[in-house]
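Topology and contacts: notes
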Amino acid sequence: MNELTRRGFLAGSSALTLMASSGLARANSSAVETMRLLPVEEAYAPVEFIQALLKMAESNDTMVNRYIKMYYQKAGVVDQLSNIDSRLAHMDKYGIDMQLLSVTSPGPQGFDAEHGADLSELINNKFASIIKAHPTRFAALAAIAPQSPERAAKEVKRAITELGLNGILINSHIQGEYLDDPKFAPVLEAAVEYNAPIYLHPSYPPDSMIENFVDYGMMGALWGFQAECSLHVARMLLGGVFDRHPKLQVVLGHLGEGLPYWLSRMDNRYQNIRRRGGAKDLGMPELKRLPGEYFRDNFYVATSGMNWFEPFEYCIRVMGPDRVLFAVDYPYERAEDALGFIHDAQARLPADIMHKVTHGNAERIFNIAPAAAMNFG
Ligand code: MN
């Protein structure tokens, strides 16, 4: 038992204990052990996919497509997203043992249904060959094109059972539609059947929302991503998705896109509207449980782009240490920041919690074999 565990932070399960022994007291960082690092939101794209994305963006002059062109025409970004050798060198430089790869936003979701499904298969075949070449360094989340729900469901099956991928990633809205729409039920059913968590990654707001996000650089991760993705999650929580698919597991980046902070208010307002008898008028279905209860039982959050101790600690308290995961968000976030954050957190929280966050939860949730050669528990 190390110094931090003896300190008793998060010892026992009572919230009072958690509050009383807040991790604000700093431990001696020289005692921090090296832990296996398995970040879970690491962007990848094959060159063929980026070319297809740019071609689509060229054909339709929207604000989002201008943004895509600006971003993905940079040679450096293309190389970072597609080149496995330079990625491995980067991982070695920063002590990252393994990356859980996923296709960069917006993925194949903006394409025509059949083209999008074809691209998802191309991406997943690339993932399989990367993992085959480097089985101890990479795992991957399958890309799918939910705009073709039946093909997407088949691709979930193929990706998990034939390619051995570790879950699926959906880049939030599907051409302005959301996963609470019953048309996407085959995708969610396949995710549950093949035990594939859905990583719900943000995307640019859809056409119906974009107008108010085009100013001040707000369209992407500055504000548009979390505004759009949190809306998506609220629709799923309030739309009965987890009554219809109680075993569905969803992973969110960016410490939950703000949701962990709003659970009490959602529960309160949901109950308030029901008490007042307004649920029918507002089109609010009767849920079996409270929105916040689904969030605590069906969701995980990753630290991508949120290298900030206080909300991280808050998420551990609200969701429990089994539901928080480390992520860097390569190549969009600086590894120095993410590594500085996670090493600082190791100096402030007990080792058993940090084992879970840095790699243990990811191994369990995404069915990744622990590194047998590494003595990191
Ligand atoms: Mn990301």
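Residues numbered from 1 in each chain as written. Predicted model: local features only at pLDDT ≥ 70, side-chain atom pairs only at ≥ 80, totals over all residues. Heavy atoms only, no water.

A look at the sheet that holds strand 3 (residues 138–140)
- Taken together, 3 strands build an open sheet; the order of strands is 1-2-3 and the sheet is parallel. Bordering the open sheet on either side are strand 1 (42–44) and strand 3, each of which pairs with just one other strand. Pairwise comparison of adjacent strand axes, ignoring direction, gives a mean angle of 45° for this sheet.
- Sheet analysis places strand 2 (residues 99–103) next to strand 3, joined by 3 bridges and oriented parallel. (Pairing = 2+ DSSP bridges. Helix = DSSP H or I, 4+ residues; strand = E, 2+ residues; numbered from the N terminus. Axes fitted to C-alpha atoms, helices over the stretch in contact; angles between N-to-C directions.)

Topic: the coordination of the manganese ion
- Within the protein, the manganese ion binds to E41 (OE), H201 (NE2) and D329 (OD); these donor distances fall in the range 2.0 to 2.4 Å.
- Note on D329: relative accessible area 7%, which makes it buried. (Donors = N, O, S within 2.8 Å, 3.2 Å for Na, K, Ca; no water. Buried < 20%, exposed > 50% of the residue type's maximum accessible area, 1.4 Å probe, protein only.)

A word on the layout of surface pockets
- Here the largest pocket defines a volume of roughly 510 Å³.
- Put simply, the parts of the chain that give the lining of the largest pocket at least two residues each are helix 11 (224–238), helix 13 (259–275) and helix 15 (309–319).
- In terms of residue class, the lining of the largest pocket is built from 16 nonpolar, 5 polar and 3 charged.
- The calculated volume of the second largest pocket comes to roughly 420 Å³.
- Residue lining of the second largest pocket: 19 residues in total, with V64, N65, G110, H173 and D207 positioned closest to the centre.
- Mapped onto the lining of the second largest pocket, the elements with two or more residues apiece are helix 4 (63–72) and helix 10 (207–210).
- The element that contributes the greatest number of residues to the lining of the second largest pocket is helix 4, accounting for 3 residues.
- For the lining of the second largest pocket, the per-class residue count stands at 7 nonpolar, 11 polar and 1 charged. (1 Å grid on protein atoms, 1.4 Å probe; cavity = no way out; pocket = protein on both sides within 12 Å on 5 of 7 lines; lining within 4 Å. Points joined across faces, edges and corners; volume = space filled by probe spheres on them. Nonpolar A, V, L, I, M, F, W, Y, C, P; charged D, E, K, R; others polar.)

Section: helix 5 (residues 75–82)
- Looking at helix 5, one finds that the buried residues are V77, V78, L81 and S82. All buried residues of helix 5 project into a common sector of 115° when viewed along the axis, lining one side.
- The inward-facing, buried residues of helix 5 abut strand 1, helix 3 (47–59), helix 4 and helix 6 (84–94). (Arc of directions from axis to C-beta. Contact = heavy atoms within 4.5 Å.)

A few points about the packing of aromatic side chains
- Scanning the entire structure with this criterion turns up 13 aromatic pairs.
- Where Y67 meets Y204, the ring centres are 5.1 Å apart and the plane angle is 65°; that geometry is what we call edge-to-face. Of this pair, Y67 sits in helix 4 while Y204 sits in the loop between strand 6 (198–200) and helix 10, and the two are 137 residues apart along the sequence.
- Relative to W262, the ring of Y261 lies with its centre 5.6 Å away and its plane at 85°, an arrangement referred to as edge-to-face.
- Overall, the relative accessible area of 61% leaves Y261 in the exposed class. (Phe/Tyr/Trp six-rings, centres within 6.5 Å; stacked < 30°, edge-to-face > 60°.)

What about the pattern of salt bridges?
- If you walk through the whole model with that rule in mind, you get 17 salt bridges.
- The shortest N-O distance in the salt bridge between R151 and E121 comes to 3.0 Å. You can see R151 sitting in helix 8 (residues 149–162) and its partner E121 sitting in helix 7 (residues 113–133), a full 30 residues away along the chain.
- A residue is classified by how much of its surface remains accessible, and R151, at 22% relative accessible area, is partly exposed.
- Put simply, E114, D118, E121 and R151 are held in one network by salt bridges that share partners. (Salt bridge = Lys/Arg side-chain N within 4 Å of Asp/Glu carboxyl O.)

Structural notes on the side chain of E41
- Mapped onto the fold, E41 is located in the loop between helix 2 (15–20) and strand 1.
- For E41, which is buried and forms no salt bridge, the nearest opposite charge comes from R87, at a distance of 11 Å.
- A polar side-chain atom of E41 sits 3.4 Å from a polar atom in the side chain of H254.
- Beyond its immediate stretch of four places on either side in the chain, E41 contacts L100, Y199, H201, G253, H254, S304, A327, D329 and Y330. (Lys, Arg positive; Asp, Glu negative; His and termini not counted. Polar contact = N/O pair within 3.5 Å; in protein donor to acceptor, adjacent residues only side chain to side chain.)

Re the environment of T104
- For T104, the location among the structural elements is in the loop between strand 2 and helix 7.
- Its relative accessible area of 2% is what places T104 among the buried residues.
- Separated by 62 residues in sequence, T104 and E42 have C-alpha atoms that sit 8.3 Å apart.
- If near-sequence neighbours (up to four positions away) are discounted, T104 is found in contact with A43, Y44, A45, F49, Y72, L81, N171 and Y332.
- Side chain to side chain, T104 and Y72 meet in a polar contact 3.2 Å long.
- Of note is the side chain of T104, whose polar atom sits 2.4 Å from the side chain of Y332.

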